[in-house]
Amino acid sequence: VSMWGLTYSEDDREVEDLGETFDALAVSAPVSANFTFPNPPLGIQPKGFVNAHFGPDSNAKSLQFRKGTTTLAFVYEPLTEQDVGGIIVAVDSRASAGEYISSKSVMKILDVGDHMVATMAGGAADCQFWCRTVHKYCNMFELRERSKITVSAASKYFANVLYGYKGQGLSVGSMVAGYDKRGPQIFMVNSEGDRTLLKTCSVGSGSLNAYGILDTYYKPKMTDEEARKLGRRAIMHATYRDAGSGGVCNMVHITPTQKVRYPGVDVSKL
């Protein structure tokens, strides 16, 4: 076919039409929203407001912003062929504000991916909001890259976000635990932007009591039943020694292939 001195074949026209169709159907990469906290009115600073009304020197003695919780996680290898090993994550379920117990059934193990979880210790609102933010980031990453995000990358993003609000009154002490191509990993992340890779970890006001049990009875190789009993035992002792911890012991067992959630067990019956 000739037109104005130019020649081209029907095959070329088909290729051009096909290219226009692909351009019309092209899907751009998702763009995450840039979220920022709005400033409070009249120049009030959130950190100063919380300290003035709910801090140690405030008049609201029964509603002071004193946190209390116990969360722990540890990595272990299977002892026998019947065991699978992995990561045990155990937490209590009490939410308190000073002398006031606001809830006895808080789920402090939040999903941030198909193969990992994050725990809550500190301010409940801060932990829930930022864990949801990390969960959204992990979903967007996997949709965009078409591969699972590593535990290291998710925890690094978590730490970077919290570091951006350092000194502004956030209260977050979390663990990001999960399985990826590098194996089982646990990262501790806090509101100061710190990030640490650990084999055994406990965060919260009852963490020292939990560490006492873990340091005494933890072994690198255990049966699955021994590992679950150790997690519950550490939480139980922490709830008896720490006024801010209590309720039931919730547990998640992360293996190379799945996450198994166990129903809450009343610590007073352990």
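Residues numbered from 1 in each chain as written. Predicted model: local features only at pLDDT ≥ 70, side-chain atom pairs only at ≥ 80, totals over all residues. Heavy atoms only, no water.

### Points about the overall build of the protein
Broken down by element type, the protein carries 6 helices and 15 strands. Buried positions account for 40% of the 270 residues belonging to the protein. Across the protein, every contact between residues at least 6 apart in sequence was considered, and the portion connecting residues at least 24 apart equals 63%. As displayed, the protein has an accessible area near 15500 Å², and 54% of this comes from carbon and sulfur atoms. (Helix = DSSP H or I, 4+ residues; strand = E, 2+ residues; numbered from the N terminus. Buried < 20%, exposed > 50% of the residue type's maximum accessible area, 1.4 Å probe, protein only. Contact = heavy atoms within 4.5 Å. Areas by Shrake-Rupley, 256 points an atom, 1.4 Å probe, with all protein chains shown as cover.)

### With respect to the pairing of strand S8 (residues 116–119)
Residues of S8 alternate between two faces, with Met116 and Ala118 on one and Val117 and Thr119 on the opposite face, all of them buried. Sheet analysis places strand S7 (residues 109–113) next to S8, joined by 4 bridges and oriented antiparallel. Each residue of the ladder has a partner; that of Ile109, found in S8, is Thr119. Hairpin connection between S7 and S8: a loop of 2 residues separates the two successive antiparallel strands. (Pairing = 2+ DSSP bridges.)

### Focus: the packing of helix H5 (residues 207–217) against helix H6 (residues 224–241)
Contact geometry for H5 and H6: axes closest at 7 Å, N-to-C directions at 145 degrees. Between H5 and H6 the crossing geometry is right-handed. Facing H5, whose interface residues are Asn209, Ala210, Ile213, Leu214 and Tyr217, H6 presents Leu230, Arg233, Ala234, His237, Ala238 and Arg241. When its residues are assigned to classes, the contact of H5 with H6 shows 7 nonpolar, 2 polar and 2 charged. (Axes fitted to C-alpha atoms, helices over the stretch in contact; angles between N-to-C directions. Left-handed = near helix turned anticlockwise from the far one by under 90°. Nonpolar A, V, L, I, M, F, W, Y, C, P; charged D, E, K, R; others polar.)

### Brief notes about the sheet that holds strand S10 (residues 183–190)
Taken in spatial order, the 5 strands of this open sheet run S7-S8-S9-S10-S11, and their pairing is antiparallel. Two strands close off the open sheet at either side, each with one partner strand: S7 and strand S11 (195–198). Direction aside, neighbouring strands of the sheet carry axes that sit 25 degrees apart on average. With 8 bridges connecting them, strand S9 (residues 173–180) and S10 associate as antiparallel partners.

### A closer look at the environment of Gly167
By secondary structure assignment, the location of Gly167 is in the loop between helix H4 (151–164) and S9. Expressed as a C-alpha distance, the spacing of Gly167 and Ser191, which sit 24 residues apart in the sequence, is 8.6 Å.

### Let's talk about the packing of helix H3 (residues 124–145) against H4
Taken N-terminus to C-terminus, the directions of H3 and H4 make an angle of 135 degrees; their axes are 10 Å apart at the nearest point. When the axes of H3 and H4 are compared, the pair comes out oblique. Remark: the crossing between H3 and H4 carries right-handed chirality. In this structure, H3 contributes Trp130, Cys131, Thr133, Val134, Tyr137 and Cys138 to the contact, and H4 contributes Ala154, Tyr157, Phe158, Val161 and Leu162. Of the residues that constitute the contact of H3 with H4, the class distribution is 10 nonpolar, 1 polar and no charged. (Parallel < 35°, antiparallel > 145°, perpendicular 65-115°, else oblique.)

### A few points about the packing of aromatic side chains
Across all of its chains, the model carries 5 aromatic pairs by this definition. Centre to centre, the rings of Phe129 and Trp130 are 4.8 Å apart; their planes meet at 90 degrees, and the pair counts as edge-to-face. The exposure class assigned to Phe129 is partly exposed, which follows from its relative accessible area of 23%. Between Tyr137 and Tyr157 the ring centres are 3.8 Å apart and the planes differ by 5 degrees, which places this aromatic pair in the stacked class. Here Tyr157 lies in helix H4 and Tyr137 lies in helix H3, a separation of 20 residues in the sequence. You can call Tyr137 partly exposed: its relative accessible area is 26%. Ring pairs connect the aromatic residues Phe74, Tyr76 and Tyr218, which therefore count as one cluster. Here the basic side chain of Arg232 rests over the ring of Tyr262, its NZ or CZ set 5.9 Å away from the ring centre. (Phe/Tyr/Trp six-rings, centres within 6.5 Å; stacked < 30°, edge-to-face > 60°. Lys NZ or Arg CZ within 6 Å of the ring centre and 35° of its normal.)

### Let's talk about the UniProt feature "active site" (unreviewed entry) in the protein
Listed under "active site" (unreviewed entry) in the UniProt record, and renumbered for this structure, are Thr69. Not counting residues up to four positions away in its chain, the partners in contact with Thr69 are Asp92, Lys108, Met120, Ala121, Gly122, Val203, Gly204, Ser205, Gly206, Asp242, Gly244 and Ser245. A distance of 2.5 Å separates the side chain of Thr69 from the side chain of Lys108, its partner in a polar contact. (UniProt positions renumbered as here; feature names shortened; annotations may be inferred. Polar contact = N/O pair within 3.5 Å; in protein donor to acceptor, adjacent residues only side chain to side chain.)

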